[in-house]
Protein chains: 2
Amino acid sequence: MKTLPNMLIAQSGGPSMVINQSLVGAVLAARKTKRFGKIYGALHGIQGILDEKVIDLKRESRATLEKVAATPSAALGSVRRKPTGDDCLAIFDTLRRLNVEAFFYIGGNDSAETLNIVRRTARKSGFPLPCVHIPKTIDNDLRENDHTPGYGSAARFVALAHMGDSLDNEALGGVKINIVMGRHAGFLAAAAALARQRPDDGPHLIYLPERVFDMSRFTTDIQRVTRRLGRCVATVSEGITGPSGNPIAADFIHEADAHGNIQLSGSGALGDILAAEVRRATGIQRVRADTFGYLQRSFFGAVSPVDAREARQVGEQAVAAALSGCDSVSIAISRVSSQPYSVVYRTVPLSKVARHTRRMPAKFIRRSGNNVTSAFLEYARPLVGPLPEIGRFSQ
Amino acid sequence: MKTLPNMLIAQSGGPSMVINQSLVGAVLAARKTKRFGKIYGALHGIQGILDEKVIDLKRESRATLEKVAATPSAALGSVRRKPTGDDCLAIFDTLRRLNVEAFFYIGGNDSAETLNIVRRTARKSGFPLPCVHIPKTIDNDLRENDHTPGYGSAARFVALAHMGDSLDNEALGGVKINIVMGRHAGFLAAAAALARQRPDDGPHLIYLPERVFDMSRFTTDIQRVTRRLGRCVATVSEGITGPSGNPIAADFIHEADAHGNIQLSGSGALGDILAAEVRRATGIQRVRADTFGYLQRSFFGAVSPVDAREARQVGEQAVAAALSGCDSVSIAISRVSSQPYSVVYRTVPLSKVARHTRRMPAKFIRRSGNNVTSAFLEYARPLVGPLPEIGRFSQ
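Just so it is clear, the structure is predicted and the values come from calculations on it, not from any experiment.

Draft legend 1. Broad picture of the sheet that holds strand S7 (residues 205-207) of chain B. All names here are of chain B. In spatial order, the strands read S7-S8-S6-S9; together these 4 strands make up an open sheet with parallel pairing. With one partner strand each, in any of the chains shown, S7 and strand S9 (287-291) form the two edges of the open sheet. Adjacent strand axes in the sheet meet at a mean angle of 15° when their direction is disregarded. Lying over the sheet, helix H8 (residues 215-229) contacts strand S6 (174-180), S7 and strand S8 (231-237), oriented at roughly 150° with respect to S8.

Next up, the structure:
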């Protein structure tokens, strides 16, 4: 009897609320086909291959897999590591020993780049290693995609948070600044606009990395809204950049990861700087800033059902693609229509999603540069799912 | 036909996810008795009485009231204002003109103190004004109460946030510091412990305002956990105080409210200070801090069902107390048993809950001072309600 080849799957980059859906989608699809012997899960991405820390996901019960799928964060652990040439050779040694003939990597553009490097080096070394990338990023900044798994749930968290926060601001007045994740793309900050159910609801202003951030314009905008409403909620993407092209936050934060990205999250510095500047420039006394931080990608209880379903399906599609002979590809989501909402999955060359990031298209950003358009709301609404209705007195 | 007297109700202090339940509970109970002519709601607490900005809550439909009840934040608006003698006289003028013969004020210990001042001044002025305080505070620091409406839902948010955040920390390693609200009492920070489902789950350390905070002890604790697990989640109450008795945050934040409270929330400063100190003292590279901020009291979708029910009931009880002739009282929650969970409501003298705060009892804090006891978990669990199960692989 011929021994079946094995497959290996791993998770990489920042976790999300639904990255485990993609993992479980791929594992269950692979189990169903009976084309693989073992289904290895490497712990902490390529680090687990280098350390030969792998588990066999065929041994997990369906019930366990479903519980894992419904759990935020990366159940296999994650990593941010860009492989060197030596790393690649060590990875191939392990994969050969494990008889792995298909490699699946779930992650964003940096993880796609990691897979791209591994695949290119494998080709040079004459090692046949079909690689499939499974998309994931709350930033929604993967090229070739209408949107990415992870975004809908993070956007749902941001919308739910702003619904309550705008009411909180309405109750006590003053200025509230909310810092939202998004290194290069403003999609997640833009999702705060979904919190509005009436014209005067917050957020009243939204600042995105796609537009040059001007501090005096920012404080003037806030002053104008506060004069009109006695209050103002401003949503600011952590990735806002000044005229020099440098992130505003970068002037104050000096840590970078293996891919050269400056650490923007996990610090309240940007919010505090902006709040201090608003106080100084406007004289408004009550100015508060919250940085939503890692809750945006890990909160237990803000999963968008559409996002969960699509995350599962990209995992399934990745296995189908590998079995039909695809190599060096990523699974991409294309929208067919918004009403009724429907999508299709395509395979796209890995190199097209690796490394580069996608930004918000101009049609989603108001000309004023401090808000989003109705086209963005139509785009984002189906990804986030129905939001609760805000109750208010009629008087 | 005799004209019925009117009642007035208002909301004060920091909003919560269920303060509207108390408002709606009182309004519906008052409507049912048919003992009041108009049911005035003052906008923004006593400020609305001073400005004569009141609405008649009898004109709101049952459906509207129920939607408001399910909505976080204070639907009537809130205020932080300590009344002067002149304020009180102006308040009495308005209340006389509005024919108000019962005054209900929903809030925490500062709001109870406001009501206490109003009531004392009314007595001196010979103005008969029965006053009933309806308890609300996410800090859970009202005296005479087993717990307070608003706490269970905020604690649920903190627990859900830590469930995901600890998994996120497990995926990528390093140190995560989470700053949780709580000016004088550690109840809310302590609730993070409910996130643990296995022994190694975070938060691994919890620092409370009830114990003197020692920076070098803090960094040593974190280093010890990180050596053992390769990671550490530490929950820190915003109200932690140093050996001098001053809040650690106060050395860096200089704004105070009308009640003399230093502004601890709405800034990421404390978390950033602690993260920098951990980096410096331990040499650990990946250290992140999130400050949960206002989401803890306003998030749309983390309401504890028990908390919502009790918040409704204290509103109902307040109206019943006023109608049975009680004056200068607050409604307090006493626990009858934890298993099965049941409570009773009592009226207590307003002066006993006003101004002063309650802290965590020693039995809830581990002797080490950096964690909570199982007695606390038994206390808090029924208030927060069932939490989702964390899915994990068996290997």
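Draft legend 2. Molecular detail of a positive patch on the surface. Judged by side-chain charge, A:Lys82, A:Arg120, A:Lys124 and A:Arg355 come together as a positively charged surface patch. Note that A:Lys82 resides in the loop between helix H3 (62-69) and helix H4 (85-97).

Draft legend 3. View of the interface of chain B and chain A. Each partner contributes to the interface: chain B provides 67 residues, whereas chain A provides 67 residues. Both sides together, the interface formed by chain B and chain A hides about 5200 Å², and carbon and sulfur atoms give 57% of it. Taken together, the links from chain B to chain A amount to 4 salt bridges. Between A:Glu389 and B:Lys67 there is a salt bridge, with the nearest N and O atoms lying 3.4 Å from each other. Linking chain B with chain A are 28 residue pairs in polar contact (both at pLDDT 80 or more). Here the side of chain B that touches chain A takes 11 residues from helix H6 (residues 151-172) of chain B, the largest share from any one element.

Draft legend 4. Quick look at the nonpolar core. Counting 168 residues, the largest nonpolar core has A:Phe376 and B:Phe376 as the members making the most contacts within it. Not counting residues up to four positions away in its chain, the partners in contact with B:Phe376 are B:Tyr151, B:Phe187, B:Ala190, B:Ala191, B:Met360 and B:Phe364.

Draft legend 5. A look at the relation of the copies chain B and chain A. The transform that puts chain B on chain A rotates by 180° and translates by 0.0 Å along the axis, for an RMSD of 0.0 Å. Here the symmetry operator amounts to a two-fold rotation axis. Relative to the rotation axis, the C-alpha of B:Gly268 is the closest in chain B, positioned 2.1 Å from it. Of all interface residues in chain B, 100% are interface residues in chain A too; the two copies therefore contact each other through one and the same surface.

Procedures and definitions
- Residues numbered from 1 in each chain as written.
- Chains lettered and ligands numbered in written order.
- Predicted model: local features only at pLDDT ≥ 70, side-chain atom pairs only at ≥ 80, totals over all residues.
- Heavy atoms only, no water.
- Pairing = 2+ DSSP bridges.
- Helix = DSSP H or I, 4+ residues; strand = E, 2+ residues; numbered from the N terminus.
- Axes fitted to C-alpha atoms, helices over the stretch in contact; angles between N-to-C directions.
- Contact = heavy atoms within 4.5 Å.
- Patch = residues over 30% accessible without salt bridge, like charges linked within 9 Å, V, L, I, M, F, W, Y side chains within 5 Å.
- Areas by Shrake-Rupley, 256 points an atom, 1.4 Å probe, with all protein chains shown as cover.
- Salt bridge = Lys/Arg side-chain N within 4 Å of Asp/Glu carboxyl O.
- Lys, Arg positive; Asp, Glu negative; His and termini not counted.
- Charge placed at Lys NZ, Arg CZ, Asp CG, Glu CD.
- Buried area = accessible area lost by both parts, 1.4 Å probe.
- Polar contact = N/O pair within 3.5 Å; in protein donor to acceptor, adjacent residues only side chain to side chain.
- Core = buried A, V, L, I, M, F, W, Y, C linked by side-chain atoms within 4.5 Å.
- Buried < 20%, exposed > 50% of the residue type's maximum accessible area, 1.4 Å probe, protein only.
- Least-squares fit on C-alpha atoms with pLDDT ≥ 70 in both.

It is worth stressing that arrangement in space is one thing and function is another; only the former is reported here.
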